Amino acid sequence: MRTIVKVLNRSIAIVLIAIFSTALTAQMVKPTPAADRMKSLAAKRELANQSTITTPFRNVGPTVMGGRVVEIAVNPDDPTEFYAAYSTGGLWHTTNNGQSFTPVFDHEDVIFLGTVAVHWPSRTIWVGTGEANSSRSTYSGIGVYKSTDNGKSWQHLGLPESHHIGDIVVHPANHNIAWVAVTGHLYSPSKDRGVYKTSDGGKTWKNTLSIDENTGAIELDINPINPNEVYACMWYRTRRAWNFEEGGKTSGIYKSTDGGDKWNLITGTGSGFPNGEGVGRIGVSVFANNPNIVYAIVDNQGRQPDTATRKTDTLTYERNDLKDLSKEQFAALNDNKLDTFLRRNRLAPKYSAKMIKEKVAKNELKPTALYDYLYNANDDLFNTPIIGAEIYRSDDAGKTWKKTNTKPISRLYNTYGYYFGRLTVSPSNADKLVILGVSVELSTDGGKTFNDMDASNVHSDHHSCWFNPKRDNHMIIGNDGGVNITYDDGKNWFKVQSVPVGQFYSVTTDNARPYNVYGGLQDNGVWKGSTQRQRTNDANFDTLQYRMLGGGDGMGVQVDWRDNKTVYSGSQFGSYARTHLDTGGTLRIRPQHELGEEAYRFNWLSPILLSRHNQDILYMGSSRFHRSMKQGADMVTLSSDLTNGKVEGDVPFGSITTLSESPVTFGLLYAGTDDGNLHISRDAGASWTAIGKSLSQVKGLWVTRVHASKYKNGRVYATFNGYRNDHFTPYVFVSEDFGATWSSISSNLPLEPVNVIHEDPKKENMLYAGTDGGLYVSKDNGKTWMVWNKALPFAIPVHDIAIQERDNQIVIGTHGRSIYVAPLKDVQEK
């Protein structure tokens, strides 16, 4: 993702970013200090100990998606034993080649992992918390942990301000010496970045490589023959809610020859390695049998040369052909090619080349109207002609580098290398290496050419690869779908799927007997499943219990309870559909702006809502509010922009994030946005009024949920989330007067951003709150809160809550450990 305007040179872009950033920074809250977080976690422990809620949750899966694996640590003497570290699902241990796993990090203060390293001779396990893959749901850790008893107990070793850790390397002959790659804060500058070294088992740390507040360490490797030689990949990157800058001139590879005490840049000018503003994430791998051979992969954000050839379709135009045209130039466009362009881009049939040209001639439309109409920050990202992934090799221990790949590796990750960026060289063959991205690709000629090793049972988006040092056609990989194992260089894979690690964004239920659960998952689509069967290690469990309804990144789901067969679901950025589960009939639902209007901005998780008063009515939010009275068949835009307006960047921003309709009064609606706005409508969305202006302490923060009460017509709850500011204060508010005034009910909640608030179906003053660290219950309308984590990991992000009122059960969608259910009767009565 580039800076602001892709065609501008970097200096102009930086100025523009400064302007927009200044405007928004004035509203920003400050990042939460690590010291405050650690105090809060201690208080949370006490809160959990005092909780009177003993009702256990039951995990109902699914297991087939496997979650996002960030690192695998394998026992080289017995490869049937390994650890798999999940970004939000904890650490899992297997001793039977993945047939079964045991979670070994469920009781610590965080469950978010960036890396795991094991010193196998001493069986010392090191864990770095906080994923470094810089995704939309990359949660902050609190430093390094160590275990010396196979994960039965853990010791926190400090570095709590690190937030995100990319790698840990342990000295092969001394398990008390280790180096840690601290990537640092994701959404804010931080000085606690770089390489940290300990020589006393983690009792003390020294920051031996530090560059600036936006450049952190992402990966390390070591010369196994001479461990004084250590390599560190430094990465400049900044992220805001509306923009991601993936590289900069301070990115590069550093080398130490004295055990990591002093470092030198080895990829500067003249080294043969890319340097300058376009250098993004870097990965490095040392060949074990001859450590003079070192490979590196770089996400080169530099532009492809203007002379780069591309196929031109002579029957139509490209979007960029319609940019910056004058009236005269637009009038001269070929009508047939323009009509073909309109049809291929799915513009409404009412638009034709002739009609648009007439409107442009009359100044009713700008000559750039078509270009503007199709603009989308996310789509524009993918069309940016960057160089992309490149492979470099050094044969002199990093003194000089030479590019190896003879052709562009465009399929690996294109413009989103920030999410990948790793490679692994075989321990026994210097010409055999694997690179990881959307695909997993193998080279046997020293990185000149690559062939993908993907298969139907191998999920895309890869983050870790291990070669068996005794048999290098045996590999274990980790990806967004879990763990895969091959024994024949990827010709055949088997998938490990016995771990209930799913990253849910949303969850809901139907009203069937027995009822089913539905939810959308990160990179794993939308699924429907039964809650009636207990999870087992049966490989066919998910096939028997769950059904996939859609692909992509699964988002919101709504079910028509009149038939429990009509389902509304979708993927990222507002791509929704109505599907009948028996007939398979599908209607695509995505509101489209008119030519000449500003494009609608859809959130990553664009909200949809089926009215329980009349289930023919579907509500939907982009930057504006949309309504259908005919099950999505006639989506009508009813509001103006409910946000603070468009903010330039390469991440869609300025969008509605949450909708709620009063269970008491039809047409009483609430909407919240990612830039902190709250609105109310009393006429089913025909008109809207801003509310919440008195909430100055959360101005500009992401509204994660509005929830209209079933007990009182004017009562409404709202939650705000500072995750995208590295700000962890919980914000929960209630209004008794339709949002005119608000009261905070966050009270004793720990420092964890809040994702969802939900009323109990039977007890008026009972509330449930889901945070980035767990589930909480209040029996006094938010005056005090209790932890409810019986049979849950101690700290698991709860993204959504659904309550099946007929069966009086709560369903929670966790972003890390799939779906849990529990009865409410005992909780309500105690």
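Every value quoted in this text rests on a predicted model; they were computed, and no experiment measured them.

(A) Focus on helix α5 (residues 353–361). Among all positions in α5, only A353, M355, I356, K357 and V360 are buried. Along its buried surface, α5 packs onto α3 (327–331), α4 (335–344) and α6 (369–373). Once α5 finishes, N363 follows within two positions and takes phi at roughly 65°, a positive value.

(B) View of the sheet that holds strand β10 (residues 165–170). Strand order in this open sheet of four strands is β10-β11-β12-β13, and the pairing throughout is antiparallel. The open sheet has two edge strands, β10 and β13 (206–209), and neither has a second partner. Across this sheet, the average inter-strand angle for adjacent strands is 25°, counted without regard to direction. Here strand β11 (residues 178–182) runs beside strand β12 (residues 194–198); their pairing, made up of five bridges, is antiparallel. Note on β12: the bridge partner recorded for V182 is G194.

(C) Representation of the sheet that holds strand β19 (residues 264–265) in the model. Strands sit in the order β14-β15-β18-β19 across an open sheet of four strands; the sheet is antiparallel. Among the strands making up the open sheet, the edge pair consists of β14 (215–222) and β19.

(D) Spotlight on the nonpolar core. Residues I253, I391 and I435 are the most contacted members of the largest nonpolar core, which totals 37 residues. In this view, I253 contacts Y231, A232, C233, N264, L265, I266, T267, F273, I282, A296 and W401; residues no more than four positions away in its chain are not counted. L41, V104, V110 and L186 belong to the second largest nonpolar core, which has 25 residues in total.

(E) Local environment of unusual backbone geometry. Going from G61 to P62, the amide bond is cis rather than trans, its omega being 0°. Inspection of the secondary structure puts P62 in the loop between β1 (58–59) and β2 (69–74). Residue P514 is bonded to the preceding R513 through a cis peptide linkage, with omega at -10°. Tracing the chain through its elements places P514 in the loop between β32 (504–509) and β33 (516–521). A positive phi is found at D726, a non-glycine position, where the angle reads about 55°. Along the chain, the position of D726 falls in the loop between β49 (716–721) and β50 (731–735). Of the residues examined, D726 reaches a relative accessible area of 2% and is grouped as buried.

Rules used in this analysis
- Residues numbered from 1 in each chain as written.
- Predicted model: local features only at pLDDT ≥ 70, side-chain atom pairs only at ≥ 80, totals over all residues.
- Heavy atoms only, no water.
- Buried < 20%, exposed > 50% of the residue type's maximum accessible area, 1.4 Å probe, protein only.
- Helix = DSSP H or I, 4+ residues; strand = E, 2+ residues; numbered from the N terminus.
- Contact = heavy atoms within 4.5 Å.
- Pairing = 2+ DSSP bridges.
- Axes fitted to C-alpha atoms, helices over the stretch in contact; angles between N-to-C directions.
- Core = buried A, V, L, I, M, F, W, Y, C linked by side-chain atoms within 4.5 Å.

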